[in-house]
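Here is how the chains run, residue by residue.
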Amino acid sequence: MAEVKLKNISKSYGGKTMTLKDISFDVHDTEFLVLVGPSGCGKTTILRMIAGLEEITDGDLYIDNKRVNDLQPKDRDIAMVFQNYALYPHMTVYKNMAFGLKIKKVPKKEIDKQVRRAAEILEITDLLDRKPGAMSGGQRQRVAIGRAIVRNPKVFLFDEPLSNLDAKLRVAMRVELQKLHHKLNVTMVYVTHDQTEAMTLGDRIVVLHDGKIMQIGTPMKLYNEPQNIFVAGFIGSPPINLINGIIVKDNSLWFYHEDSGLKIDLTNVKNKNIHNYIEQPVVIGIRPENIKSKPASTAKAFLKHQIMVEAIERMGNEIIVYLKLANNQLIARFSAEAEVHVNSSINLYFNLDKILFFDPDTKAVIF
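Remember, predicted model here, so these are calculated numbers, not experimental data.

> What's the story with the environment of Val207 in this structure? I'm lost.
Within the element layout of this structure, Val207 appears in strand 9 (residues 204-209). Residue Val207 is classed as buried on the basis of its relative accessible area, which comes to 0%. Considering only alpha carbons, one finds Val207 and Ser10, 197 residues apart in sequence, at a separation of 16 Å. Beyond its immediate sequence surroundings of up to four residues, Val207 is in contact with Val36, Lys212, Ile213, Met214, Gln215, Leu222, Phe230, Val231 and Ile235.

Take a look at the structure:
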């Protein structure tokens, strides 16, 4: 068992403004949990408190149902992989990986067994005699992970371990981390500001903003059912389209965007709570893939609107299209075969069944 529980955790420095406010969540046994959010949201502070590198101002932290607030890092049975690798430059890979076990006075035979096992898992056996300066960033990151593996900890903590790698290598290392998690079948807590990393790696994701939890859920739960505007805008690439407007009613119920004249008939929208917002502002959200260049077979669920194309990104199997809606920029994701040209007008089709509604004051989703 290797569960981690945070109960009403808060953190302040010098009794001043709270960096973290009443943080509570569980990390399940063998789960890969990702903490994600913009810089300064408190995700690394949470990780460091789990590791014992930061004191907890208020609240309780449990590892395997044991309160560890006052335990030293060395007594928590965790291993942490840092952003900058933190390898000893004068030591070989073998000695870097063996160092922690040597300090614990583990027998030499056992050290050798654990180092070679970790090297085999990470496919770095041929690097054991090299020093960090003679390796690539990806190889050094594997060594840093290997140093954590040899300790056989209850919990692995990762603090933005891929941020120093180039884009292509980050993708490759994400795959390797997934494979590693399945091989070791251990509990992992991973910090990143990159929502793509969060979506591809996490069994569940904790989205943080300004020291508070915005939402916890599986990647697809966060993507399809965001609880607020922040999560909707933060999760997803390209990002969701957010449009401010007002709900009006004549013979039908409408969303109206005054600047562009965009009108969306809400008569058949499943969300009946929209009726509570008549003559009030709302924000609608629609993902780029739910804006089409032609309607799907269920054409009755689509709204047609003509709009100007500002820019196009060709991605091979698809194109990302940037469109002008008065003072708003809309982003759509079309198939590569779509006939679209910059500075020309096209017909757009909005999938009405996929529209989300948000309260502009509370920022919360309207269910």
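Following the structure, the description resumes.
> What is the right way to read empty space enclosed by the protein from this model?
In this approach, a probe sized like a water molecule rolls over the atoms, and the result shows the empty space that is left. Scanning all chains against the criterion turns up two cavities of 30 Å³ or more. In this structure, the largest cavity spans a volume of roughly 120 Å³. Going through the elements one at a time, helix 3 (108-122), helix 4 (137-149) and helix 5 (167-184) are the ones with two or more residues in the lining of the largest cavity. With six residues, helix 5 is the single largest residue contributor to the lining of the largest cavity. Across the lining of the largest cavity, the residue classes break down as six nonpolar, no polar and five charged. Volume-wise, the second largest cavity comes out at about 30 Å³.

> Mind showing me how you'd approach the sheet that holds strand 7 (residues 155-159) here?
The pairing of strands in a sheet comes from backbone hydrogen bonds and takes either a parallel or an antiparallel form. What the six strands build is an open sheet, ordered 6-7-8-3-9-10; its pairing is mixed. Two strands in the sheet have a free side with no partner beyond their single neighbour: strand 6 (78-81) and strand 10 (212-217). The average undirected angle you get between the axes of adjacent strands in this sheet is 15 degrees. Both strand 3 (residues 32-36) and strand 9 contribute to a ladder of four bridges, which runs parallel.

> What am I meant to see in the pattern of salt bridges here?
Per the stated rule, a full pass over the model turns up 13 salt bridges. Here Lys11 ties to Glu54 by a salt bridge, and the two come within 3.6 Å at their closest N and O atoms. Pair noted here: Lys11 is in strand 1 (residues 4-12) and Glu54 is in the loop between helix 1 (43-51) and strand 4 (58-63), with a separation of 43 residues, a long-range link. You can call Glu54 buried: its relative accessible area is 19%. The closest approach of N and O atoms between Asp112 and Arg116, which form a salt bridge, is 3.0 Å.

Definitions and limits used
- Residues numbered from 1 in each chain as written.
- Predicted model: local features only at pLDDT ≥ 70, side-chain atom pairs only at ≥ 80, totals over all residues.
- Heavy atoms only, no water.
- Helix = DSSP H or I, 4+ residues; strand = E, 2+ residues; numbered from the N terminus.
- Buried < 20%, exposed > 50% of the residue type's maximum accessible area, 1.4 Å probe, protein only.
- Contact = heavy atoms within 4.5 Å.
- 1 Å grid on protein atoms, 1.4 Å probe; cavity = no way out; pocket = protein on both sides within 12 Å on 5 of 7 lines; lining within 4 Å.
- Points joined across faces, edges and corners; volume = space filled by probe spheres on them.
- Nonpolar A, V, L, I, M, F, W, Y, C, P; charged D, E, K, R; others polar.
- Pairing = 2+ DSSP bridges.
- Axes fitted to C-alpha atoms, helices over the stretch in contact; angles between N-to-C directions.
- Salt bridge = Lys/Arg side-chain N within 4 Å of Asp/Glu carboxyl O.

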